[in-house]
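# Tertiary structure, described
Each chain is listed here by its residues.
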There are 2 protein chains.
Amino acid sequence: MKIRRSERLIDMTQFLLSHPRKLVPLTMFAERYGSAKSSISEDLVIIKKTFEDRGIGTLETVPGAAGGVQYISIAGNDDVLDFVHTLCNRIAEPNRLLPGGYLYLSDLLGEPVTLKAIGKILATKFNNQKIDAIMTVATKGIPIAQAVAEHLSVPFVIVRRDSKVTEGSTVSINYVSGSSKRIEKMELSKRSLAEGSNVVIVDDFMKAGGTINGMKNLLEEFNAHLVGIGVLVESEYAEERLVDDYVSLVKIKNVNMKEKQIEVVDGNYFNS
Amino acid sequence: MKIRRSERLIDMTQFLLSHPRKLVPLTMFAERYGSAKSSISEDLVIIKKTFEDRGIGTLETVPGAAGGVQYISIAGNDDVLDFVHTLCNRIAEPNRLLPGGYLYLSDLLGEPVTLKAIGKILATKFNNQKIDAIMTVATKGIPIAQAVAEHLSVPFVIVRRDSKVTEGSTVSINYVSGSSKRIEKMELSKRSLAEGSNVVIVDDFMKAGGTINGMKNLLEEFNAHLVGIGVLVESEYAEERLVDDYVSLVKIKNVNMKEKQIEVVDGNYFNS
């Protein structure tokens, strides 16, 4: 075996994996390795097949002078099922229960491997659409936004509930927090989102949907378009939700404080 | 060329890259591909050489029954120099200037590719040490903590200035904000950090070092050990800094509001 090809395969794999959704001209690879474009094309066939066989994602080829190849990160359904079931079990651990029926989830939101999987799974739902930015609200949505943004190769922007001098001019809105029915305020730095952007909203947790609805209103202030909504955990909510079109990975059906039981089931990811 | 080996090289590359600092037994790879351990060893030699030649990192082999191979993510000095100089130029853009001499940096902290590079560069400084967690303070430190944690395969924990019901019991401390000399409060969820953990502190920005010093005090409350401190941007500070042993990528030497000039130079990364 010629070492040359194996080196190319290894380096092309790492390059493509670290640049999802970036169209790479074949000439870029040809120059990088001093190889013929025909060899690069052969390499890409092998990489594409392996990516697909191993549930990593796929390669898409765009023909023509402005063309090239791009890696699309896709979570396979079996992997998603495995991951979601493990997540359900972990979230159902009784020691997560906090006073007031809240659940402690910060450990999950600080694990790189878990976040990577969440990012890949949510990104898979929005892969085929034009997206310019991911939006979330501080604090706990941030790791999820970053993970999704990584897989889609777009920036993420952070909506805040408090003002900071380091954000410059902001656009702020009032919104009704869904479950508590309180009026709250959220704001986004003016320069962080371009007019007309196509935006995916993500968050760690959704009950009535008030916070996410607030972000939707904020999008309007920027003349931005909502592409989709993704949450890690949704919670059963008796009244009408403020948001209906969303993707969730897991759903908390019921929390029994007295028996210390948390009932967690698959989210709507597989239905939508 | 046998397709088998190329498939292995591609899949092993992606597996190792997505599990930095994880010791993978050779038998795991042997079973995954139905290959002899001797073939896996040969593959690893090729991958290691390519990783080193291309500035991706290296593979470390631990011999023996409990041994295996692990990928260590290492930023090469030339790549770091290139990245830091680009960063200096971007941070010096006059339109970043905000009232009060503050700089707008949120765009950089929302770019996945930039964050990945920052994470890899800072992680490189702490690669050889035992680390159990990365610590930062909300909000703008979070993306950096996540990026560094990814390259070191450890969880990150988020210190907050406000209380949240979803954090459970917290340990809080008062600290003196360095430049404004105000007394502030920060807290960390009790269960987020195990006693005796080895911790790297990271943040986006440091001037007098008050916030980072606060986190150091918080570590003591958890009987945790400080392994190191990494910041993206440090700012020139006339008085004595509260923190002296840290790594910075860039340094703001001077901000001239009137002339709209920001002087940005390399941080101490290359000296330390």
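Residues numbered from 1 in each chain as written. Chains lettered and ligands numbered in written order. Predicted model: local features only at pLDDT ≥ 70, side-chain atom pairs only at ≥ 80, totals over all residues. Heavy atoms only, no water.

With that settled, the discussion passes to the sheet that holds strand E7 (residues 198-206) of chain B. All names here are of chain B. Taken together, the 6 strands give an open sheet; going across it, the order is E4-E3-E7-E8-E9-E10, and neighbouring strands pair in mixed fashion. A strand with exactly one partner marks an edge of an open sheet, and here the two such strands are strand E4 (156-159) and strand E10 (261-266). Between one strand and the next, the sheet's axes are offset by a mean angle of 25 degrees, whatever the strand orientation. Relative to strand E8 (residues 225-235), E7 runs parallel, the two being bridged by 8 bridges. Of the residues in E8, the one forming a bridge with phenylalanine 205 is valine 233. (Pairing = 2+ DSSP bridges. Helix = DSSP H or I, 4+ residues; strand = E, 2+ residues; numbered from the N terminus. Axes fitted to C-alpha atoms, helices over the stretch in contact; angles between N-to-C directions.)

Next up on the list: the domain arrangement of chain A. Residues and elements named next belong to chain A. When cut into domains, chain A gives domain 1 (3-71) and domain 2 (75-264). For domain 1 and domain 2, the distance between their C-alpha centres works out to 33 Å. The partner domain 2 presents 10 residues to the 6 residues of domain 1 that form the contact. Considering only the side of domain 1, the residues that lose the most area to domain 2 are Pro20, Arg21 and Gly55, jointly responsible for 82% of the buried surface there. Where domain 1 meets domain 2, there are 0 salt bridges. In this structure, the connection of domain 1 to domain 2 is made through 5 residue pairs in polar contact (both at pLDDT 80 or more). Classifying every residue of the side of domain 1 that touches domain 2 by side-chain character gives 3 nonpolar, 2 polar and 1 charged. (Domains from an automatic or database assignment. Contact = heavy atoms within 4.5 Å. Buried area = accessible area lost by both parts, 1.4 Å probe. Salt bridge = Lys/Arg side-chain N within 4 Å of Asp/Glu carboxyl O. Polar contact = N/O pair within 3.5 Å; in protein donor to acceptor, adjacent residues only side chain to side chain. Nonpolar A, V, L, I, M, F, W, Y, C, P; charged D, E, K, R; others polar.)

Okay, the UniProt feature "domain: Phosphoribosyltransferase" (unreviewed entry) in chain A next. Here, UniProt's "domain: Phosphoribosyltransferase" (unreviewed entry) annotation points to residues 112-253 of chain A. As a span, residues 112-253 of chain A carries 27% helix and 35% strand, and end to end its C-alpha atoms are 27 Å apart. (UniProt positions renumbered as here; feature names shortened; annotations may be inferred.)

Attention now goes to the sheet that holds strand E10 (residues 261-266) of chain A. Whenever strands of a sheet pair, they do so through backbone hydrogen bonds, lying parallel or antiparallel. Residue and element names in this part refer to chain A. Taken together, the 6 strands give an open sheet; going across it, the order is E4-E3-E7-E8-E9-E10, and neighbouring strands pair in mixed fashion. Sheet topology places strand E4 (156-159) and E10 at the edges, where each strand pairs with a single neighbour. In this sheet, neighbouring strand axes are inclined to one another by 25 degrees on average, regardless of whether the strands run parallel or antiparallel. Across 5 bridges, the pairing between strand E8 (residues 225-235) and strand E9 (residues 247-256) is parallel. For valine 233, the partnering residue across the bridge sits in E9 and is valine 250. On the sheet, helix H6 (residues 142-152) packs against strand E3 (133-137), E4, strand E7 (198-206) and E8 and is oriented at approximately 175 degrees with respect to E3.

For the pair chain B and chain A, the best superposition has an RMSD of 0.0 Å and corresponds to a rotation of 180 degrees with a translation of 0.0 Å parallel to the axis. Taken together, the turn and the small shift mark the pair as related by a two-fold rotation axis. When the interface residues of chain B are mapped onto chain A, 100% of them are again interface residues, pointing to one common binding face. (Least-squares fit on C-alpha atoms with pLDDT ≥ 70 in both.)

We now examine the interface of chain B and chain A. Across the contact, 59 residues belong to chain B and 59 residues belong to chain A. Both sides together, the interface formed by chain B and chain A hides about 4,900 Å², and carbon and sulfur atoms give 61% of it. At the junction of chain B with chain A, the criterion picks out 2 salt bridges. Put simply, Glu167(B) and Lys140(A) hold a salt bridge, and the shortest N to O gap is 3.7 Å. Between chain B and chain A we count 13 residue pairs in polar contact (both at pLDDT 80 or more) in total. Residue assignment for the side of chain B that touches chain A shows that the elements contributing at least two residues are helix H1 (3-17), helix H2 (26-33), helix H3 (37-53), helix H5 (112-126), helix H6 (142-152) and E4 of chain B. Counting residues per element, the side of chain B that touches chain A draws most heavily on H1(B), which supplies 11 residues. The class makeup of the residues in the side of chain B that touches chain A is 28 nonpolar, 14 polar and 17 charged.

All names here are of chain B. Two elements in contact, helix H4 (residues 77-91) and H5, have axes separated by 11 Å at closest approach and are oriented at 130 degrees. When the axes of H4 and H5 are compared, the pair comes out oblique. As for the relative orientation of H4 and H5, their crossing is left-handed in sense. Mapping the contact onto sequence places Val80, Phe83 and Arg90 in H4 and Thr114, Ala117, Ile118 and Ile121 in H5. In the contact of H4 with H5, the residues fall into 5 nonpolar, 1 polar and 1 charged. (Parallel < 35°, antiparallel > 145°, perpendicular 65-115°, else oblique. Left-handed = near helix turned anticlockwise from the far one by under 90°.)

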